[in-house]
Amino acid sequence: MAYKRSETNSFVAEIDLGKEGLSGSQNLASLRPTQLARAEGITFAPGSIRKEGGSASYTSSSLGGARKIIGGIEFFPSPTAKREVIATASGDILWDTGAGTFATLIKGGWITSDRTHFSAGGAESTGRSKKLFVLNGVNAPMVISGDNVATGDISNPASDWSGTNQPKVMFPIKNRMGAFGNSNDPHRFYLSDPNNHEVYATGATWDTASFSVYPGKSFGISAGATFRQACILWKRPKGIYVLDISNATPSNWQVFELTDAVGCESQFAFDYIVGDDGSKDAIVFVSRDAGIYLIRGAQEFGDFSVVDLTVQDEIRQWLRDNIDFSKIDKTTVQYFHETKDVMVTFVASGSSEANIVLKINVAQTPFRFHISRRDTIVSMWKSEDSNNIVRPMVGDDVGNVRRVDQASFTYSGGGYTMDLQTVPLDFSWIDKRASGRRKIFDFVEFDIKPTGSWPTYVEFVSASVVKQRTSFLNSAGVSELGNFILGQDVLAGAVGAFSITKRIRLLFGGRTVSVRMTQTGDGEEMQISKIRIFGRFGDERTP
């Protein structure tokens, strides 16, 4: 932040965009000038803010409204074979080899009273096939071996998995698979044989195990993940437990309670944050009350800490104002390293499916929050694109599978909204006395990267009233009426790209000003790094 003041009481206030994200605070005195009042449809590019990438259909056509996509996974049965597998609300498990048709029916009549969970396992020894396990807590766990060469129920389930008492989740733990979620023993965690991931039953030649996890507390295990030398087990509504798996022998593993103050809603409601070295740096998860928490390990073999991320920037207030807390069971959490964003889906107030994404950019501290309201996301998973970059794949409520974070700025053949607004600026960071004084605003400058000859629409708001509306084109070498193009320079963080400065004359005054920028057209893009506001201090204390 920089400013200049002359003898005539004028000022220049510079706001670096991209330093901070969305704030849910309603207290003007607590706001910082780099925070945002609106941060919809954006992403944090290096040194700037830009419009979020587009959304492209993966399915060649809709699979039909009855085939709401309630689960999905990218599965590699071999190093050269990539498959997308989905579960639909019509009870179908479908397999796709890349055409986007999902033409292969793996299984019909799948019970859909709960979300379908997929987990990859198998390949327990040389020559054995990779396996994909499919679970929902009601049907017997299904296993798909290899490249869809064989399907069926797992061969040796635990003895108490019978009828509709079936596990909801399996996940890898060391060289085994772990499982939980059967309604007749919801606090029990099961461990497969290391040589056969389909074996959970006890037997003379099988090395299986199970653990009863604090059965007197909460409703049962809701999520599980390996982290460092431990297995983290959550319960709902509350409870986090640590299974110490550092010993080679499972009979020596012990369970400890980390906290009984918070839990995780489901296996879909957490993900790992992965560092640049590929290590699992932390786990982010969502609780039953929509709190977003981070688990960090103090050291490789040590204590864990739990941090509430919604305290920052009063995001908890934003959640109270915007989401339906009764539908937290539809929340999905996924982290994507390419953008360093954690994507957390919620059902917006008045809606039936998850249609708002709270994104947490973890590229720097403090973390930066922003949102997207474009896609309906019933399910979400990771999938490599043609460049082997892992990006979001989402399933919606009308039978479409879509790739998100695409290079083209389009959605279903049309545009989508970018809505960016600064918090109300009273310029008290320049002069503490400025907050109560009236300002006369003369000019505003926008440092942008030229992206094309399309407009960005701008509103200037003071005391909740729009004082002026205008626009500028996101192109170089073009002047608009009332606007000026100044010098051009290298855009911070964008090697080889240049920036231009758009200047707009302002014709109003007020105690505060908030700058709002929107863009909605198909294929349109904007990238902006700074705003400078030129003005003069007045003497009045009125708005």
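Structure first, text after, so check above.
Predicted, not measured: the structure shown is a model, and the values here were computed from it. (Residues numbered from 1 in each chain as written. Predicted model: local features only at pLDDT ≥ 70, side-chain atom pairs only at ≥ 80, totals over all residues. Heavy atoms only, no water.)

1. Some thoughts on the overall build of the chain
For the record, the criterion: Helix and strand assignments come from DSSP, with helices taken as H or I runs of at least 4 residues and strands as E runs of at least 2, each series counted from the N terminus. Taken over C-alpha atoms, the radius of gyration is set against a globule rule of 2.2 Å times the number of residues to the power 0.38. Summary of the burial criterion: residues with accessible area below 20% of their type's maximum are buried, those above 50% are exposed, and those between are partly exposed, where the area comes from a 1.4 Å probe applied to protein chains only. Residues are treated as being in contact if the distance between any of their heavy atoms lies within 4.5 Å.
Regarding its fold elements, the chain presents one helix and 41 strands. Here the C-alpha radius of gyration of the chain, 26 Å, is about what a compact globule of 543 residues would show, namely 24 Å. Across its three principal axes, the chain shows a C-alpha extent of roughly 90 × 45 × 40 Å. Burial statistics for the chain: of 543 residues in total, 55% are counted as buried. For the chain, contacts bridging at least 24 residues in sequence account for 57% of all contacts bridging at least 6.

2. Let's talk about the sheet that holds strand E17 (residues 188–191)
Our working rule: Paired strands are those between which DSSP finds at least two bridges. Interaxial angle, 0 to 180 degrees, is taken between N-to-C directions of lines fitted to C-alpha atoms, where a helix line uses only the stretch in contact.
Sheet architecture is open: four strands sit in the order E15-E16-E17-E18, paired in antiparallel fashion. Pairing within the sheet leaves two strands with one partner each, and these edge strands are strand E15 (169–173) and strand E18 (209–212). Going across the sheet, the axis of each strand differs from the next one's by a mean of 25°, ignoring polarity. Sheet analysis places strand E16 (residues 176–180) next to E17, joined by two bridges and oriented antiparallel. Bridge pairing in E17 places Gly178 opposite Leu191.

3. With respect to the pattern of salt bridges
Convention followed: Throughout this description, the term salt bridge denotes a Lys or Arg side-chain nitrogen within 4 Å of a carboxyl oxygen of Asp or Glu.
Tallied over the entire structure, the rule returns 40 salt bridges. Two residues, Glu198 and Lys131, come together in a salt bridge whose shortest N-O distance is 2.9 Å. Taken together, the residues Glu198 in the loop between E17 and E18 and Lys131 in strand E12 (residues 130–135) connect sequence positions 67 residues apart. With respect to burial, Glu198 and Lys131 carry one shared label: buried. For the salt bridge of Glu459 with Arg469, the shortest nitrogen-to-oxygen distance reads 3.0 Å.

4. Brief notes about unusual backbone geometry
Cis geometry marks the peptide bond from Arg236 to Pro237, where omega comes out at 5°. Examined against the element boundaries, Pro237 turns out to sit in the loop between strand E20 (230–235) and strand E21 (240–244). Cis peptide bonds are those with omega within 30 degrees of zero, and the linkage from Thr365 to Pro366 qualifies with 0°. Summarising the element assignment, Pro366 is placed in the loop between strand E29 (354–361) and strand E30 (368–372). Look at Phe102: it is not a glycine, yet its phi comes out positive at around 50°. Residue position: Phe102 is located in the loop between strand E9 (93–96) and strand E10 (104–107). A relative accessible area of 2% means that Phe102 is categorised as buried.

5. Things to note about the pairing of strand E36 (residues 455–462)
For a regular strand, the rule is simple: side chains alternate between the two faces of the sheet. Counting buried residues along E36, six of its eight residues qualify, which places the element largely inside the surrounding structure. Taken together, the eight bridges between E36 and strand E37 (residues 465–473) define a ladder with antiparallel strand orientation. Pairing of Val461 across the sheet is with Val466, part of E37. Hairpin geometry of E36 and E37 is characterised by an intervening segment of two residues between the two adjacent antiparallel strands and by a positive phi of about 50° at Ala463. As paired elements, E36 and strand E40 (residues 514–519) share five bridges and run antiparallel to each other. If you follow Val458 over to E40, its bridge partner there is Met517.

6. Let's talk about the packing of aromatic side chains
Inclusion rule: A pair of Phe, Tyr and Trp rings is counted when the ring centres sit within 6.5 Å of each other, with Trp represented by its six-membered ring. The angle between the planes then sorts it: under 30 degrees is stacked, over 60 is edge-to-face, the rest tilted. Either the NZ atom of lysine or the CZ atom of arginine qualifies as a charge over a ring when it sits within 6 Å of the ring centre and within 35 degrees of the ring normal.
Going through the model one piece at a time under the given rule, you end up with 20 aromatic pairs. Taken together, the ring pairs connect Phe11, Phe427, Trp429, Phe441, Phe460, Phe508 and Phe537 into an aromatic cluster. It is Arg115 that lies over the ring of Phe268; its NZ or CZ is 4.1 Å from the centre. Here the guanidinium or amino end of Lys235 rests over the ring plane of Tyr241, the centre of that ring lying 5.1 Å away.

7. Notes on the sheet that holds strand E26 (residues 304–308)
The strand order across the open sheet formed by four strands is E23-E24-E25-E26, and the pairing between neighbours is antiparallel. Each edge of the sheet is formed by a strand with only one pairing partner; in this case those strands are strand E23 (270–274) and E26. The average undirected angle you get between the axes of adjacent strands in this sheet is 25°. In the sheet, strand E25 (residues 292–297) pairs with E26 via five bridges, with the strands oriented antiparallel. Bridged to Tyr293 within E26 is Asp308.

8. A closer look at helix H1 (residues 315–322)
Taken across its eight residues, H1 has six buried, putting it largely inside the fold. Of all the positions in H1, only Ile315, Arg316, Gln317, Trp318, Leu319 and Asn322 are classed as buried.

9. Some thoughts on the nonpolar core
Formally: What is meant by a nonpolar core is a set of buried Ala, Val, Leu, Ile, Met, Phe, Trp, Tyr and Cys residues, joined one to another through side-chain atoms within 4.5 Å.
Counting 81 residues, the largest nonpolar core has Trp234, Phe346, Phe427, Phe446, Met517, Ile528 and Ile533 as its most contacted members. When residues of this core are assigned to their parent elements, the largest contribution, five residues, is made by strand E24 (residues 280–286).

10. Here's the deal with the environment of Tyr457
Checked against the element boundaries, Tyr457 lands in strand E36. Judged by relative accessible area, Tyr457 falls into the partly exposed class, the value being 45%. Residues Tyr457 and Leu473, spaced 16 residues apart in sequence, show a C-alpha to C-alpha distance of 8.9 Å. Discounting residues that sit within four places of it in the chain, Tyr457 has contacts with Thr470, Ser471, Arg516, Met517 and Thr518.

11. Considering the side chain of Thr331
Of note, Thr331 is situated in the loop between H1 and strand E27 (333–336). With residues near it in sequence (within four places) discarded, Thr331 still touches Arg115, Phe268, Ala269, Val286, Val344, Thr345 and Phe346.

12. Focus: the environment of Val85
Positionally, Val85 belongs in strand E8 (residues 81–88). The spacing of Val85 and Asp447 is 362 residues in sequence and 44 Å in space, taken between C-alpha atoms. Not counting residues within four places of it along the chain, the set of residues in contact with Val85 comprises Gly71, Gly72, Ile73, Phe75, Ile93, Leu94, Trp95, Phe102, Phe118 and Leu132.

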